[in-house]
Amino acid sequence: MIKLAGLIKYIHIHPLLWVVIGLAIMTAHFIELSLFLFIILVHELGHAGAASFFSWRIKRIALLPFGGVAEMEEHGNRPLKEEMIVILAGPFQHLWMMGMGYILFQFSLLPDMIYQHFIQFNLMVLLFNLLPIWPLDGGKLIFLWLSLYHPFPDAHRKCLLFSVGSIAVFIMITLFISPFNLNIWVVVSFLLFALYHEWKQGRYVFIRFLLERYYGKNRAFRTLKPLVVKEEEMVIHVLEKFQRGYKHPIIIEKDGQEKGSLDENELLHAYFAEKIVTARIGDLLYVY
């Protein structure tokens, strides 16, 4: 309970949201907006609460004019099971909220109009967030699933490409069902911008993943996954094979025979501390 109360300090309200609130008051839609914002806040507090339970570093819980986001200072090196729980903690909130709304309605503690809006908004936010589009919860689950089978940069790139395909389908459906819904197009524009920004920042995201792996707290990976590489491979190309959730002993081969091995920390140290960025992986054997 103390941890949950401490999450309040992370709540940030986007300046444009105050404009939306003002417009809602002038157009007599304040109750509907209040319900929507309450649902969004509880959803994001679900993410933040789960993250706090696992001692993640929370940056902020932002309420935006068209939704919300819980930002974490974690960069892909937490256990995959933890991340799955943090992602699903948001959608889970809608289940108990709809259940509680139903109980209150049955005991005549919730007016019919508010109850209908409350259920509708919950379903809308739940289903929308589960769309397989980055940075929605569904997109993050896709990234998590891809991370089980692919190195970090490959999983990240495939996730974004899958998201582009998904949002293209979503746009086509929107054009057919509700082409003049301004709210939907605002959200679609935000998702397109977020995808573009994430794609442009792809290399930075990968380097941040490596930095967190190198400078972050030492965590005991449960699974070792040796990387067998040829001695002429570049250091950065070997780093691009690093996968989430695994610790990588580096086995270096020449002509099909093992020539030596490196610990992943030695490779990360060579790259970040000693700035060995253009060397072949085999050259590091003479250094370490």
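None of the values given here were measured: they were computed from a predicted structure. (Residues numbered from 1 in each chain as written. Predicted model: local features only at pLDDT ≥ 70, side-chain atom pairs only at ≥ 80, totals over all residues. Heavy atoms only, no water.)

Brief notes about the nonpolar core
- In terms of nonpolar packing, the biggest core is built from 40 residues, with Leu210, Leu239, Phe242, Ile250, Leu267, Ile281 and Leu284 touching the most fellow members.
- Within the residue set of this core, elements represented by two or more residues are helix 6 (137-147), helix 7 (152-177), helix 8 (182-200), helix 9 (202-215), strand 5 (227-230), helix 10 (235-239), strand 7 (250-254) and helix 11 (264-272).
- At six residues, helix 7 tops the list of elements feeding residues into this core.
- Formed jointly, this core draws a minimum of three residues from each of two domains, domain 2 (133-216) and domain 3 (221-282).
- In contact with Ile250, not counting residues within four places along its chain, are Leu227, Val229, Val238, Phe242, Gly260, Ser261, Leu262, Leu267 and Ile281.
- Core analysis: the second largest hydrophobic core is formed by 15 residues, Leu17, Leu37, Val42 and Val125 among them. (Core = buried A, V, L, I, M, F, W, Y, C linked by side-chain atoms within 4.5 Å. Buried < 20%, exposed > 50% of the residue type's maximum accessible area, 1.4 Å probe, protein only. Helix = DSSP H or I, 4+ residues; strand = E, 2+ residues; numbered from the N terminus. Domains from an automatic or database assignment. Contact = heavy atoms within 4.5 Å.)

Here we look at the pairing of strand 7
- As judged from the four bridges shared by strand 5 and strand 7, these two strands associate in the parallel manner. Note on strand 7: the bridge partner recorded for Val229 is Ile252.
- Sheet analysis places strand 7 next to strand 8 (residues 257-262), joined by five bridges and oriented antiparallel. When the bridges of strand 8 are listed, Ile251 appears paired with Ser261.
- The hairpin turn running from strand 7 into strand 8, its antiparallel successor, is two residues long, and Asp255 in that turn takes a positive phi close to 55°. (Pairing = 2+ DSSP bridges.)

A closer look at the UniProt feature "transmembrane region" (unreviewed entry) in the protein
- The UniProt record marks residues 12-31, 37-56, 85-105, 125-147, 159-177 and 183-199 with the feature "transmembrane region" (unreviewed entry), using the residue numbering of this structure.
- Secondary structure content for residues 12-31 is 70% helix and 10% strand, and the end C-alpha separation is 21 Å.
- Helix makes up 100% of residues 85-105 and strand makes up 0%, while its end C-alpha atoms are separated by 30 Å. (UniProt positions renumbered as here; feature names shortened; annotations may be inferred.)

Details of the packing of aromatic side chains
- Summed over the entire model, instances satisfying the criterion amount to 14 aromatic pairs.
- Ring centres 5.2 Å apart and planes at 80° place the aromatic pair Phe53 and Phe54 in the edge-to-face group.
- Looking at Phe53, the relative accessible area reads 63%, which means it is exposed.
- Of the residues examined, Phe54 reaches a relative accessible area of 18% and is grouped as buried. (Phe/Tyr/Trp six-rings, centres within 6.5 Å; stacked < 30°, edge-to-face > 60°.)

Focus: a nonpolar patch on the surface
- On the surface, Phe92, Leu95, Trp96, Met100, Tyr102, Ile103, Phe107 and Leu109 cluster together to form a nonpolar patch covering roughly 890 Å² of accessible area.
- Along the chain, the position of Phe92 falls in helix 4 (residues 80-106). (Patch = residues over 30% accessible without salt bridge, like charges linked within 9 Å, V, L, I, M, F, W, Y side chains within 5 Å. Areas by Shrake-Rupley, 256 points an atom, 1.4 Å probe, with all protein chains shown as cover. Salt bridge = Lys/Arg side-chain N within 4 Å of Asp/Glu carboxyl O.)

So, the UniProt feature "domain: Peptidase M50" (unreviewed entry) in the protein
- Per the UniProt entry, the sites bearing "domain: Peptidase M50" (unreviewed entry) are residues 35-106 and 114-168 in this numbering.
- The span residues 35-106 carries 64% helix and 18% strand; its end-to-end C-alpha distance comes to 19 Å.
- Secondary structure content for residues 114-168 is 80% helix and 0% strand, and the end C-alpha separation is 34 Å.

Some details on the sheet that holds strand 7
- Pairing in this open sheet of three strands is mixed, and the strands run 5-7-8 from one edge to the other. Bordering the open sheet on either side are strand 5 and strand 8, each of which pairs with just one other strand. Shown here is a sheet whose adjacent strand axes are inclined to one another by a mean of 30°, direction ignored. (Axes fitted to C-alpha atoms, helices over the stretch in contact; angles between N-to-C directions.)

A short note on the packing of helix 7 against helix 8
- Where helix 7 contacts helix 8, the two axes come as close as 11 Å, and the packing angle between them is 160°. Classified by the angle between their axes, helix 7 and helix 8 sit roughly antiparallel to one another. Viewed along their axes, helix 7 and helix 8 form a crossing whose handedness is left-handed. In contact with His156, Arg157, Leu160, Leu161, Ser163, Val164, Ile167, Phe170, Ile171, Thr174 and Leu175 of helix 7, helix 8 contributes Ile184, Trp185, Val188, Leu191, Leu192, Leu195, Glu198 and Trp199.
- Here the residues of the contact of helix 7 with helix 8 sort into 14 nonpolar, three polar and two charged. (Parallel < 35°, antiparallel > 145°, perpendicular 65-115°, else oblique. Left-handed = near helix turned anticlockwise from the far one by under 90°. Nonpolar A, V, L, I, M, F, W, Y, C, P; charged D, E, K, R; others polar.)

Here's the deal with helix 3 (residues 30-53)
- Over its 24 residues, helix 3 extends 34 Å from the first C-alpha to the last, a length consistent with the 34 Å expected when each residue adds 1.5 Å.
- By the criterion of burial, helix 3 is predominantly enclosed, with 17 of the 24 residues buried.
- Immediately beyond the C-terminal end of helix 3, within one or two residues, lies Ser55, with a positive phi of roughly 60°. (Expected span 1.5 Å × (residues − 1).)

Details of the domain arrangement of the protein
- Parsing the protein into structural domains produces domain 1 (1-129), domain 2 (133-216) and domain 3 (221-282).
- One C-alpha centre belongs to domain 1, the other to domain 2; they are set 21 Å apart.
- Taken together, the contact between domain 1 and domain 2 spans 16 residues of the former and 16 residues of the latter.
- For the pair domain 1 and domain 2, the summed buried area comes to about 1600 Å², and 70% of that belongs to carbon and sulfur atoms.
- When residues of domain 1 are sorted by the area they lose upon contact with domain 2, Phe66, His75 and Phe128 head the list and together hold 38% of the total.
- The tally of links from domain 1 across to domain 2 stands at one salt bridge.
- A salt bridge links Arg57 to Glu212, with the nearest nitrogen and oxygen atoms 3.1 Å apart.
- Elements supplying a minimum of two residues to the side of domain 1 that touches domain 2: helix 3, helix 4 and helix 5 (112-129).
- Per-element tally for the side of domain 1 that touches domain 2: the top contributor is helix 4, with six residues.
- The residue inventory of the side of domain 1 that touches domain 2, partitioned by class, reads seven nonpolar, six polar and three charged. (Buried area = accessible area lost by both parts, 1.4 Å probe.)

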